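The lines below spell out each chain.
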Number of protein chains: 2
Amino acid sequence: MKKNATMANNPLPAIKDAAALVASYPKMPLTVDCVIFGFEENELKVLLIKSDLAVYNGQLSLLGDIVKNEEELDAAAYRILKERTGMNDVFLDQVRTFSNPLRHPGGRVITVAYCSLLNVRHHELKIHDNDLNWHKVSTLKTMAFDHKEIIDVCYKWLQKRIQEHPLGFNLLPEKFSLRELQNLYEAILDIRLDRRNFRKKFASMDLLIDIDEMEQDVPHRPGKLYKFNFEKYEKNKKKWIGIDF
Amino acid sequence: MKKNATMANNPLPAIKDAAALVASYPKMPLTVDCVIFGFEENELKVLLIKSDLAVYNGQLSLLGDIVKNEEELDAAAYRILKERTGMNDVFLDQVRTFSNPLRHPGGRVITVAYCSLLNVRHHELKIHDNDLNWHKVSTLKTMAFDHKEIIDVCYKWLQKRIQEHPLGFNLLPEKFSLRELQNLYEAILDIRLDRRNFRKKFASMDLLIDIDEMEQDVPHRPGKLYKFNFEKYEKNKKKWIGIDF
DNA sequence: GCAAAAGTGTTGTCCTTACACCCATGC
DNA sequence: GCATGGGTGTAAGGACAACACTTTTGC
């Protein structure tokens, strides 16, 4: 095989020094922002801090940080989650990358949005730097950077995703009642669902384990508690085929 | 409102110089790679070039380029598509960002994958730099960089997406027969479909316009030709609700 | 007339929807 | 005993899957 394809024979010369090529590329700062959803009091919430930046004057902001030099994006997202909440056994998904040159007041910063769901109760916020706290998604006002837009995109992603994957269970306690489950879906999808049909639906999926316990301390007839059967779900994951638009 | 929250009162000081903050961030080269699918001879194809890099010795590579300093990612993707194929009236979607520090032999390069579908016939390849050409997706071997992985991810994205959105029509001529449409779905989803049920399905959607023309030059009974009714589709876009996993 | 694909209906099954009453508990 | 939500069944309609024969054209 010819080692030296020449410029004369090829439309473009083979590039031998890949490092020099990369060195010639423009470089930009890259961050990860985590949209961490929780569910509490029948409301979808999101974990936010107050922005450090003076220009934003204490407006709310997502949990974000730079991506380190040799760090993968996924790793950066897990690191941020861990640093901010202490959790590390959590699901995280990359949603989209945002690149508006004006999205950061300090100059161009590209950011990759990750989405995560976690159970508010499992996670008693111990760190309160920058007023880390849960905020209702439905009443968010303007936020620092383009973070409102990022949350909107992630919220739509969640609405779609939760219908096709059992994500919701990450937002609930390990043991939950069907009422709680339905409240969750109603809140996230922003619709009302028929209670009987909802229960029938989940009964027919056969993915809930009846653990033979009842709710405690409710001011009405207590409901049965269930766990989600993740094992069975993983085994029978369906390949969904159905043209529909 | 206090303008000077001090370090003494706040867990973290407000940062006044956003530009200095950003300047302190690590910076990385950022590229866009376009996965451009086409359909020809009942096969899904993808537009590839031969890599410029000597280390890859002519292996196949996606169409990619750096993101310019003040350029949006979407704009970069459209620019690449335009530069390489001459097309600019095309749909493009961001799929995912890839960040493995070893994905580029010249050092760390982050890349954002975009996916596009275009009609092979509308686009007679005039530019043949670096052997720009269509390649069957089903028989791709190893490729330069992590481009095989990127294509795999985009292919899965396409399989899902085409079931929920009328993307497929971007791959077909403006006028197409039901047979062609079915072949397209069968090829992309890699399944067989019942012809009668397939036709019934599309008939019931009522999104195909019967243009009262027939196929020409086929060695068998010619089929009717249709156009897709994009206008009607846009008007009636459904909000799909249905928990299913 | 033969090869190749177009075109077309029915049936059973399953899933979804709509809808109303009694039950268990806390107060 | 009353308020609150828990728990349950059925009937109708719609979507999907399975399935075979006749028609049209090129050669």
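What you are looking at is a predicted structure, and each value in this text was computed from that prediction instead of being measured.

The rules behind each value
Residues numbered from 1 in each chain as written. Chains lettered and ligands numbered in written order. Predicted model: local features only at pLDDT ≥ 70, side-chain atom pairs only at ≥ 80, totals over all residues. Heavy atoms only, no water. Near = heavy atom within 4 Å. Polar contact = N/O pair within 3.5 Å; in protein donor to acceptor, adjacent residues only side chain to side chain. Helix = DSSP H or I, 4+ residues; strand = E, 2+ residues; numbered from the N terminus. Nonpolar A, V, L, I, M, F, W, Y, C, P; charged D, E, K, R; others polar. Phe/Tyr/Trp six-rings, centres within 6.5 Å; stacked < 30°, edge-to-face > 60°. Axes fitted to C-alpha atoms, helices over the stretch in contact; angles between N-to-C directions. Parallel < 35°, antiparallel > 145°, perpendicular 65-115°, else oblique. Contact = heavy atoms within 4.5 Å.

### Some remarks on the protein's contact with DNA strand D
So, step 1. The local shell around DNA strand D holds 20 residues, among which Arg179(A), Arg195(A), Arg199(A), Lys200(A) and Arg221(B) are the closest.
So, step 2. Taking the atoms of DNA strand D that fall within 4 Å of the protein, sugar and phosphate contribute 42% of them.
So, step 3. Taking Lys200(A), its side chain carries an N or O atom lying 2.7 Å from a base oxygen of DNA strand D.
So, step 4. Contact distances for DNA strand D include 3.0 Å between a base nitrogen and a side-chain N or O atom of Asn197(B).
So, step 5. Residue assignment for the surface near DNA strand D shows that the elements contributing at least two residues are helix 5 (195-205) of chain A together with helix 5 (195-205) of chain B.

### Quick notes on the protein's contact with DNA strand C
So, step 1. Near DNA strand C you find 20 residues, and of these Arg196(A), Arg179(B), Arg195(B), Arg196(B) and Arg199(B) are the closest.
So, step 2. Each atom of DNA strand C within 4 Å of the protein belongs either to a base or to sugar and phosphate, the latter forming 42%.
So, step 3. Within the side chain of Arg196(A), one N or O atom sits 3.2 Å away from a base nitrogen of DNA strand C.
So, step 4. Here Arg221(A) contributes a side-chain N or O atom positioned 3.0 Å from a base oxygen of DNA strand C.
So, step 5. Sorting the residues of the surface near DNA strand C by element identifies helix 5 of chain A together with helix 5 of chain B as the ones contributing at least two each.
So, step 6. Looking at the surface near DNA strand C residue by residue, the classes come out as four nonpolar, four polar and 12 charged.

### A few points about the packing of aromatic side chains
So, step 1. Summed over the entire model, instances satisfying the criterion amount to 26 aromatic pairs over all chains.
So, step 2. Among the aromatic residues, ring-to-ring pairing joins Phe169(A), Phe176(A), Tyr185(A), Phe198(A), Phe202(A), Phe228(A), Phe230(A), Tyr233(A) and Phe245(B) into one connected group.

### A short note on the packing of helix 4 (residues 178-189) of chain B against helix 5 of chain B
Residue and element names in this part refer to chain B.
So, step 1. Where helix 4 contacts helix 5, the two axes come as close as 11 Å, and the packing angle between them is 105°. The orientation of helix 4 with respect to helix 5, classified from their angle, is roughly perpendicular. Of the residues in helix 5, those touching helix 4 at Leu178, Arg179, Leu181, Gln182 and Tyr185 are Arg195, Phe198, Arg199 and Phe202.
So, step 2. Here the residues of the contact of helix 4 with helix 5 are counted per class, giving five nonpolar, one polar and three charged.

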